[in-house]
Amino acid sequence: MSAVDHAADAHHHEGPEPGLLRWVFTTNHKDIGTLYLLFSLMMFFIGGTMALIIRAELFQPGMQLVDPYFFNEMTTLHGLVMIFGAIMPGFVGLANWQIPMMLGAPDMALPRLNNWSFWLLPFAFTLLLSTLFMPGGGPAGGWTMYPPLMLETGQAFPFIIFAVHLMGMSSILGAINIIATIFNMRAPGMTLMMMPLFIWTWLITAFLLIAAMPVLAGAVTMLLTDQYFGTHFFNAAGGGDPVMYQHIFWFFGHPEVYIMILPAFGIVSQIIPTFARKPLFGYASMVYATASIAFLSFIVWAHHMFTVGMPLAGELFFMYATMLIAVPTGVKVFNWVATMWEGSMTFETPMLFALAFVILFSIGGFSGLMLAIASVDFQYQDGYFVVAHFHYVLVTGAAFAIIAAAYYWLPKWTGNMYDEQLGKLHFWLSVASVNVLYFPQHFVGLAGMPRRIPDYAVQFTEWNMVSTVGGFVFGFSQLIFLWIIIKAIRGGVKADARSWEGAHGMEWEIPSPAPYHSFQTPPDISKVMARGDAHS
Amino acid sequence: MAATHGGYYLPHGSHWPITGSIALFILAVGTASYFQGAGWGPWAMLLGFAILIFMMFGWLGTVISESVAGAYNEQVDRSFRWGMSWFIFSEVMFFAAFFGALYYARVLSVPWLGGVDVETNKLLWDGLSLNWPTAGPGHADFEFEYMPAWPIPTINTILLLTSGVTITIAHHALKAADREKLVKWMWATVGLGATFLMFQAYEFYEAWHHMNLTMHTGVYGSTFFMLTGFHGFHVTIGTIMLIVITLRCMKGHFTPENHFGFEGVAWYWHFVDVVWLGLFIFVYVLI
Ligand code: HEM
Ligand SMILES: [Cu+2]
């Protein structure tokens, strides 16, 4: 139509459209980033409430507060909400805000598609959460949705499947956009090996998403047809195998856990150099380590299935392949520590969360290594030790990184510095309580406490009480975070363009708050590069 | 409304994505309710589907008019290329899940159940031996015929491979600005795709009604119908895309230099072609 005619006069209204519908129709990466981040925050609180219900029930042995089916619904939905609703959209929100700014691009490559990627999510989660109110209840067989148990779900069953389809679509479309942006929208002269590490990790994450999410879609589609169309994928009577579901699921599932940690690696690799006032140590090795992790993540999936039954050769292969991942992961941890070596460090809130990430994520990595040993996993499998492991990597790993990123870039987004005092309070409360919450789960796990069961043997009582107390303190501490964000949006000390003294990169070249359209004309990056800002 | 920033075309707001989300939501709710026995389910499905089609027309129509108006520079074109390539890759991975299931059933679960794994066999169906294709140990006396590679699948292979050639001829004609030849070969491609679909429909009919080969026919029937069914669905979409593109060729939307719409569809068509080759080998030939 008259697209081009409008191109000329569109410059008259460069700012956002007025009214609430702006948020529905927007194709602006900053708007969409904000939507993703707010959605993620909302899901953190919904999923967090479910977690507190779980912890409240587990405060004592015996059945106290909720009936067992509801407990199972809570563990299942907590997992699905946190993974697909909180962590992943959180990272995509950060990608939306930051990738164009860090590349010196005017926007994401495919802005309308970008809107769609986000706006699929509220519908997906409406479907998912509405199942709680359906006859027969919501999903209760765990976020992994194993058959045949999953097929026992009531009315909710097909709604859950379609919700997963929509989430998958959202992730795939978002990932396609991110790859297209990174490959095609870099400022002239910015080579791949000049890109900030956050961009690199997201590039590889997007690849993982596009490779893994369709496999999940396939797996749940097979569940659907097994239920309604008489197929026998997961039914031994028809020559299928329920274990086949687990293989397909974990072929998605293990890359999925790296989808949730690689962008976190990227964030920490941005923050530590800033506050150590030194360039990132071993940039190239970081890139190669990320790529190796991504590759390895496709050949380790059956470490989730050691006890399910596999030929011995399979057990051994998956054990050694899994342990191999520790090598590139170790490279990363080494590089972060080496970056700080002899740096002139300061400890603002983003740095505190990044440091906590390095230490606590490593604990999760070590417990992962223990789980990787097939023979001892027979003891740990489906127990609280696994729960402790993945909460160290996901909460003190992925979630801490998202929080760190929020503090780090809030000044750029809002134009105001957040309240540093409150930030520190939030950090110390969180880091203390999160360990009270999860560390004891190692003990009860090693002693044999199973996961996903509302009751337990009395000898586990003390540590469960400790854990629950930690859980409530951690949960309520997050309200401080919410308040800090609201406060920063409403006002505060004005932030400079370069909000942190040691910060380098394209996003710090533009004013704070970042204008609605940044880099309308491609920037001259030689200036940025000359200062050695290239990739820190 | 739109703005070009440094040459890169940026749309200013669009109501098509949310329309698409609403459509998918209604479609999902309708389908799920239908599966649970709600009488209104199919109506909701129909409504959702109609909105989805409306959205596709609207969204793609907007893109086409922007493209025809010359709003897209080379960089935008490259974004579309990256987008389409990775979309196709995601489709490849979707099929990979089903190929994986086929592989798992043939190489692992069926032999295990049939005695290669002595304990499983002893525990579940003692002494029963199984051979591919099978309806499964629980339906050992179930009679059915498997679908041989000859004649229909072989004919279909030839049809699709030929269509890969005809679309390439059409592409060369487009690059040589020979519209008449382009359109002729595009219709030939469409015709080949449609013929493929008719043969496949016939094959499904035969399987279902005369060979007792249905989705219920154990893991063989499951993998057979899911793989060929999803593929057929993709051929259907591909054929519709080919028709749209052919009509656009007739309207003169494409120039020898600038015709990503055409190429994107051609890529998709080749992808469908390659998946078929995999199917032909693993579902039909190596029976
Ligand atoms: C050094 C790296 C890692 C190793 C060696 C490792 C190893 C393992 C193993 C062997 C299991 C299975 C335990 C069982 O079920 O018995 C497991 C579970 C799990 N891991 Fe890791 N892991 C590592 C890093 C990560 C990371 C980075 C994440 C996510 C950010 C993660 C998330 C999970 C989750 C969510 C589960 C539990 C899944 C479930 O059963 O619900 N892991 N890990
Ligand atoms: Cu894993």
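Residues numbered from 1 in each chain as written. Chains lettered and ligands numbered in written order. Predicted model: local features only at pLDDT ≥ 70, side-chain atom pairs only at ≥ 80, totals over all residues.

**Quick word on the overall build of chain A**
(1) Moving on: A count of helical and extended segments in chain A gives 17 helices and zero strands.
(2) Moving on: Against the 2.2 N^0.38 benchmark of 24 Å for 536 residues, chain A shows a C-alpha radius of gyration of 23 Å, consistent with a compact globule.
(3) Moving on: Judged by the C-alpha coordinates and their principal axes, chain A covers about 65 × 60 × 45 Å.
(4) Moving on: In chain A, which comprises 536 residues, the proportion classed as buried is 60%. (Helix = DSSP H or I, 4+ residues; strand = E, 2+ residues; numbered from the N terminus. Rg over C-alpha atoms; globule rule 2.2 N^0.38 Å. Buried ≥ 20, exposed ≤ 12 C-beta atoms within 10 Å, placed from the backbone.)

**Focus: the overall build of chain B**
(1) Moving on: Within chain B, the regular secondary structure consists of eight helices and two strands.
(2) Moving on: The secondary structure elements of chain B, listed N-terminal to C-terminal, are β-β-α-α-α-α-α-α-α-α.
(3) Moving on: Taken along the three principal axes of its C-alpha coordinates, chain B extends 70 × 45 × 35 Å.
(4) Moving on: In chain B, which comprises 287 residues, the proportion classed as buried is 42%.

**What about the site of ligand 1?**
Residue and element names in this part refer to chain A.
(1) Moving on: Taken together, 25 residues sit near ligand 1, with Val257, Gly368, Leu371, Gln381 and Phe390 positioned nearest.
(2) Moving on: Counting only elements with at least two residues in the shell around ligand 1, the list comes to helix 11 (312-340), helix 12 (349-372), helix 13 (374-380) and helix 14 (384-414).
(3) Moving on: The class makeup of the residues in the shell around ligand 1 is 14 nonpolar, ten polar and one charged. (Near = placed C-beta within 6 Å. Nonpolar A, V, L, I, M, F, W, Y, C, P; charged D, E, K, R; others polar.)

**Observations concerning the packing of helix 9 (residues 262-276) of chain A against helix 11 of chain A**
All names here are of chain A.
(1) Moving on: Remark: helix 9 packs on helix 11, axes separated minimally by 9 Å, with the N-to-C direction vectors making an angle of 15 degrees. The angle between helix 9 and helix 11 places the two elements in the roughly parallel class. Crossing handedness for the pair helix 9 and helix 11: left-handed. Contacts from Phe265, Val268, Ile272, Pro273 and Ala276 in helix 9 reach Lys332, Trp336, Thr339 and Met340 in helix 11.
(2) Moving on: Taken together, the residues of the contact of helix 9 with helix 11 sort by class into seven nonpolar, one polar and one charged. (Axes fitted to C-alpha atoms, helices over the stretch in contact; angles between N-to-C directions. Parallel < 35°, antiparallel > 145°, perpendicular 65-115°, else oblique. Left-handed = near helix turned anticlockwise from the far one by under 90°. Contact = placed C-beta atoms within 7 Å.)

**Brief notes about helix 6 (residues 179-210) of chain B**
Residues and elements named next belong to chain B.
(1) Moving on: Between its first and last C-alpha atoms helix 6 spans 46 Å; for 32 residues at 1.5 Å apiece the expected length is 46 Å, and the two agree.
(2) Moving on: Listed as buried for helix 6 are Leu182, Trp185, Met186, Thr189, Val190, Leu192, Gly193, Phe196, Gln200, Glu203 and Ala207.
(3) Moving on: Those residues of helix 6 that are buried are in contact with helix 5 (152-175) and helix 7 (218-251).
(4) Moving on: Trailing helix 6 by a residue or two, Asn212 shows a phi angle of about 60 degrees, which is positive. (Expected span 1.5 Å × (residues − 1).)

**A short note on the UniProt feature "domain: Cytochrome oxidase subunit I profile" (unreviewed entry) in chain A**
(1) Moving on: According to UniProt, the "domain: Cytochrome oxidase subunit I profile" (unreviewed entry) feature falls on residues 17-526 of chain A.
(2) Moving on: Within residues 17-526 of chain A, the helical portion is 68% and the strand portion 0%, while the C-alpha atoms at the span's ends are 34 Å from each other. (UniProt positions renumbered as here; feature names shortened; annotations may be inferred.)

**Description of the interface of chain A and chain B**
When the parts of a complex come together, some accessible area is lost, and that lost area is often taken as the interface size.
(1) Moving on: Residue-level contacts link 63 residues of chain A with 66 residues of chain B.
(2) Moving on: Considering only residue class, the side of chain A that touches chain B consists of 40 nonpolar, 19 polar and four charged.

**Structural notes on the domain arrangement of chain B**
Residue and element names in this part refer to chain B.
(1) Moving on: Domain annotation of chain B identifies domain 1 (1-72) and domain 2 (74-285).
(2) Moving on: Tallying the contact residues gives six residues for domain 1 and four residues for domain 2.
(3) Moving on: Elements with a contribution of two residues or more to the side of domain 1 that touches domain 2: strand 2 (8-11) and helix 2 (41-68).
(4) Moving on: Here the side of domain 1 that touches domain 2 is composed, by residue class, of five nonpolar, one polar and no charged. (Domains from an automatic or database assignment.)

**Some points on unusual backbone geometry**
(1) Moving on: That bond from A:Ser512 to A:Pro513 is cis: its omega, -5 degrees, falls within 30 degrees of zero.
(2) Moving on: For A:Pro513, the position within the fold is in the loop between helix 16 (461-490) and helix 17 (525-530).
(3) Moving on: With an omega of -5 degrees, the peptide bond running from B:Trp132 to B:Pro133 counts as cis.
(4) Moving on: Positive phi, normally seen in glycine, also occurs at A:Asp382, with a value near 60 degrees.
(5) Moving on: Mapped onto the elements, A:Asp382 comes out in the loop between helix 13 and helix 14.
(6) Moving on: Exposure remark for A:Asp382: the 15 C-beta atoms within 10 Å place this residue in the partly exposed category.
(7) Moving on: A positive phi angle is found at B:Asn212, which is not glycine, with a value near 60 degrees.

**Observations regarding the environment of A:Gly154**
(1) Moving on: Along the chain, A:Gly154 turns up in the loop between helix 5 (111-130) and helix 6 (156-184).
(2) Moving on: Ignoring sequence-local partners within four residues, the contact set of A:Gly154 consists of A:Met134, A:Pro135, A:Gly136 and A:Gly137.

**Concerning the nonpolar core**
(1) Moving on: Ranked by size, the top nonpolar core spans 251 residues in total, and within it A:Leu166, A:Ile179, A:Ala219, A:Phe357 and A:Ala404 carry the most contacts.
(2) Moving on: Among the domains, domain 1 (1-72) and domain 2 (74-285) of chain B are the pair contributing at least three residues each to this core.
(3) Moving on: Not counting the four nearest positions on each side in its chain, A:Leu166 is found in contact with A:Leu120, A:Phe123, A:Ala124, A:Leu127, B:Leu24 and B:Ala28. (Core = buried A, V, L, I, M, F, W, Y, C linked by C-beta atoms within 7 Å.)

**A few points about the confidence of the model for chain B**
Residues and elements named next belong to chain B.
(1) Moving on: In the predicted model, chain B carries a mean pLDDT of 94, and 98% of its residues have values of at least 70.
(2) Moving on: Low pLDDT, under 50, characterises residues 1-5; the predicted model gives this stretch 25 contacts beyond four residues in sequence or across chains.
(3) Moving on: In the predicted assembly, ipTM is 0.95 and pTM is 0.95. (pLDDT = per-residue confidence, 0-100.)

**With respect to the environment of B:Val183**
Residues and elements named next belong to chain B.
(1) Moving on: Among the secondary structure elements, Val183 is positioned in helix 6.
(2) Moving on: Sequence separation between Val183 and Thr246 is 63 residues, and the spatial gap between their C-alpha atoms is 6.3 Å.
(3) Moving on: Once you skip the residues sitting within four places of it in the chain, Val183 turns out to touch Thr246, Cys249 and Met250.

**Re the packing of helix 4 (residues 68-103) of chain A against helix 6 of chain A**
All names here are of chain A.
(1) Moving on: Where helix 4 meets helix 6, the closest approach of the two axes is 11 Å, and the angle between their N-to-C directions is 20 degrees. Judged by the angle between their axes, helix 4 and helix 6 are roughly parallel. As helix 4 runs across helix 6, the sense of the crossing is left-handed. Note on element contacts: helix 6 touches helix 4 through Met167, Ser171, Gly174, Ile178, Thr181 and Ile182, opposite Phe84, Met88, Val92, Ala95, Ile99, Pro100 and Leu103.
(2) Moving on: Of the residues in the contact of helix 4 with helix 6, the class split is ten nonpolar, three polar and no charged.

**What about helix 14 of chain A?**
(1) Moving on: For helix 14 of chain A, the principal kink sits at A:Tyr408 and spans about 40 degrees; a proline, A:Pro411, occurs within the next four residues.
(2) Moving on: One or two steps after helix 14 of chain A, the chain reaches A:Gly415, where phi turns positive at roughly 85 degrees. (Bend = angle between axes of the 7 residues up to and from the residue.)

**Regarding the environment of A:Ile161**
Residues and elements named next belong to chain A.
(1) Moving on: For Ile161, the position within the fold is in helix 6.
(2) Moving on: Once the C-alpha coordinates of Ile161 and Ala219 are considered, the two residues, 58 residues apart in sequence, prove to be 9.8 Å apart.
(3) Moving on: Residues in contact with Ile161, not counting those within four places in the same chain, are Val220, Leu223 and Leu224.

**Considering the confidence of the model for chain A**
(1) Moving on: Of all residues in chain A, 96% have pLDDT values of 70 or greater, and the mean over the chain is 94.
(2) Moving on: Below a pLDDT of 50 lies the segment residues 1-13 of chain A, which in the model reaches 20 contacts outside its immediate sequence neighbourhood of four places, other chains included.

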